[in-house]
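Listed below, chain by chain, are the residues.
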Amino acid sequence: MSIDTILDEMESCIDHWEDAASLQATLDANYKSWEAAQKLALMDSGESGVKSENQVRSQPKWKKLYVDLQMQNISVEKANRQIKLLQNRFEAARTAAADARKVV
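Here's a quick rundown of the structure.

The rules we used
Residues numbered from 1 in each chain as written. Predicted model: local features only at pLDDT ≥ 70, side-chain atom pairs only at ≥ 80, totals over all residues. Heavy atoms only, no water. Helix = DSSP H or I, 4+ residues; strand = E, 2+ residues; numbered from the N terminus. Rg over C-alpha atoms; globule rule 2.2 N^0.38 Å. Buried < 20%, exposed > 50% of the residue type's maximum accessible area, 1.4 Å probe, protein only. Contact = heavy atoms within 4.5 Å. Areas by Shrake-Rupley, 256 points an atom, 1.4 Å probe, with all protein chains shown as cover. Lys, Arg positive; Asp, Glu negative; His and termini not counted. Charge placed at Lys NZ, Arg CZ, Asp CG, Glu CD. Polar contact = N/O pair within 3.5 Å; in protein donor to acceptor, adjacent residues only side chain to side chain.

**Observations concerning the overall build of the protein**
- Helix and strand counts for the protein come out as three helices and zero strands.
- In sequence order, the secondary structure elements of the protein are arranged as α-α-α.
- Taking 104 residues into account, the globule formula puts the C-alpha radius of gyration at 13 Å, and the protein, at 23 Å, lies well above it.
- For the protein, the spread of C-alpha atoms along the three principal axes comes to 80 × 20 × 15 Å.
- Buried positions account for 19% of the 104 residues belonging to the protein.
- Counted over contacts in the protein with a minimum sequence separation of 6, partners at least 24 positions apart contribute 74%.
- On the protein, roughly 7400 Å² of surface is accessible, and the fraction owed to carbon and sulfur atoms is 56%.
- Here the protein contributes 14 positive and 16 negative side-chain charges, whose respective centroids are spaced 6 Å apart.

Pasting the structure below:
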């Protein structure tokens with residue numbers, strides 16, 4: 001794989017990471033905001049903090065928001081690992097090119 005090809009792939013992976021990280025930030029904010037609003041509403045109606053939290057986390061919507069957030073966290077981490085792998089390939093290709101220049 002040529003250095004130019006690796007750089008093109010790396011640029012594409014960085015763009016993907018940026019999109020995934022942006023979505024992750026949005027999902028995180030939505031999840032935390034929804035959970036806090038639900039808990040506050042229950043506490044305002046007289047429930048304890050612990051009981052309110054348990055009630056909120058037992059709702060199907062909480063599970064969906066939480067799982068969506070965790071899956072996006074995985075997507076961001078996967079993109080990070082792909083970028084690191086491409087960085088390693090780039091260094092290997094660069095070293096091979098430098099070694100080839102010395103052999104001649």
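On we go.
**Digging into the side chain of Q72**
- Note on placement: Q72 falls in helix 3 (residues 60–103).
- Here the side chain of Q72 touches A20 through a polar contact of 3.0 Å, landing on its backbone oxygen.
- Those residues in contact with Q72 that sit more than four places away from it in its chain are A20, L23, Q24 and L27.

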